[in-house]
Number of protein chains: 2
Amino acid sequence: MTVEFTLHPNFSDKIFVIDLPLCRVLLENNHYYPWIFLIPRRMHVRHVLDLSAEDRLQCFEEWTLAQMVFLKLFEVDQLNIAALGNKTPQLHLHVIGRRIDDPAWPDSVWEHPGATKPYTDAERQIRVHQLQHAFLNLEK
Amino acid sequence: MTVEFTLHPNFSDKIFVIDLPLCRVLLENNHYYPWIFLIPRRMHVRHVLDLSAEDRLQCFEEWTLAQMVFLKLFEVDQLNIAALGNKTPQLHLHVIGRRIDDPAWPDSVWEHPGATKPYTDAERQIRVHQLQHAFLNLEK
């Protein structure tokens, strides 16, 4: 089912977290917000509507699971979810944990493109590990 | 089930389109993009995760239906979907039809807050009618 899946080059600087039954989960390398992408491992999918009905339901379930993971792991004031895809024409679902003291609040993160700060190696390892652990435990 | 539902005051300038089984559909008064909001008619719901599992599934189905309506009605190059809610703490799901010649492309619409132009009365009536018609026909 997942043969021939390749990631758009715009995802090359994202950090691999885990493969769920349908979606690959990648982490944005930005210390300021917990921010992941769920990318269905299917080719030629740009919109949610390009997925089969079965995949679409699975996709929404994994998007919901990711939000549960965020509420479990992070002290957030709000969750932002979105699928835009204007610049990267491969379906990817954002989940972004927002805090009232983050550098973009209360705007969308897209209004503050300068608010980026890479994780340190140690931070990145901790974040990836905690996400993997939470996905595996909540998915059961 | 839908008693006690009230809209947040931030929606007071949006245009009523239709009530689906779960969500109220409102139109943004902006000629530049077809842009609607789906608002579950439940009280005290800020996140998707605040909905019951049954409501959440219905919500996703209506969000999908709205995207089908947009692809049927509008000549769009991309659909943007999102639930942010940083400024309006009542769950609302955006569906925005985007074109490569719209004033914000390829950015998100939130990066171009000045790109607003109200519909004329005639445009608004046509848009509401065509949306109502498409929702009623696709919902069957």
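Residues numbered from 1 in each chain as written. Chains lettered and ligands numbered in written order. Predicted model: local features only at pLDDT ≥ 70, side-chain atom pairs only at ≥ 80, totals over all residues. Heavy atoms only, no water.

Student: Would you explain the nonpolar core in this entry?
Tutor: In a soluble, globular protein the nonpolar side chains are often hidden away together inside. Residues Ile36 and Phe135 of chain A together with Ile36 and Phe135 of chain B are the most contacted members of the largest nonpolar core, which totals 66 residues. Ignoring any residue separated from it by four or fewer positions in sequence, one finds isoleucine 36 of chain A in contact with Val25, Leu26, Leu27, Ala66, Phe70, Leu93, His94, Val95, Leu131 and Phe135 of chain A. Formed by 28 residues, the second largest nonpolar core is a distinct cluster that contains Ala104, Trp110 and Ala115 of chain A together with Trp110 of chain B. (Core = buried A, V, L, I, M, F, W, Y, C linked by side-chain atoms within 4.5 Å. Buried < 20%, exposed > 50% of the residue type's maximum accessible area, 1.4 Å probe, protein only. Contact = heavy atoms within 4.5 Å.)

Student: Hey, could you run me through the relation of the copies chain B and chain A in this one?
Tutor: Superposition of the two copies of the chain requires a rotation about an axis together with a shift along that axis. With an RMSD of 0.0 Å, the operation that places chain B on chain A is a rotation of 180° combined with a shift of 0.0 Å along the axis. Read as a symmetry element, the transformation amounts to a two-fold axis. Across chain B, the rotation axis passes nearest the C-alpha of alanine 82 of chain B, at a separation of 1.9 Å. By residue overlap, the copies meet face to face through one surface: 100% of the interface positions of chain B are interface positions in chain A. (Least-squares fit on C-alpha atoms with pLDDT ≥ 70 in both.)

Student: Would you mind going over the pairing of strand β5 (residues 93-98) of chain B with me for this structure?
Tutor: Side-chain direction in a regular strand flips from residue to residue, so the side chains alternate between the two faces of the sheet. All names here are of chain B. Taking burial as the measure, the 6 residues of β5 include 6 buried ones, the bulk of the element. Of the two faces of β5, the one lined by Leu93, Val95 and Gly97 and the one lined by His94, Ile96 and Arg98 are each fully buried. Bridge analysis of strand β3 (residues 35-40) against β5 gives 4 bridges, and the strand direction is antiparallel. Counterpart to phenylalanine 37 in the pairing with β5 is histidine 94. For strand β4 (residues 78-83) and β5, the ladder comprises 5 bridges, and the chain directions are antiparallel. Paired with isoleucine 81 across the two strands is valine 95, which belongs to β5. (Helix = DSSP H or I, 4+ residues; strand = E, 2+ residues; numbered from the N terminus. Pairing = 2+ DSSP bridges.)

Student: For this particular structure, what's the right way to read the interface of chain B and chain A?
Tutor: How big an interface is tends to be reported as the loss of accessible area on association of its parts. The partner chain A presents 30 residues to the 30 residues of chain B that form the contact. When chain B packs against chain A, close to 2,800 Å² is buried across both sides, 58% of that on carbon and sulfur atoms. The three residues of chain B that bury the most area against chain A are Leu49, Gln78 and Asn86 of chain B, which together make up 22% of that side's buried surface. The interface formed by chain B and chain A includes 2 salt bridges. Breaking the side of chain B that touches chain A down by element, the ones donating at least two residues are α1 (53-73) and β4 of chain B. (Buried area = accessible area lost by both parts, 1.4 Å probe. Salt bridge = Lys/Arg side-chain N within 4 Å of Asp/Glu carboxyl O.)

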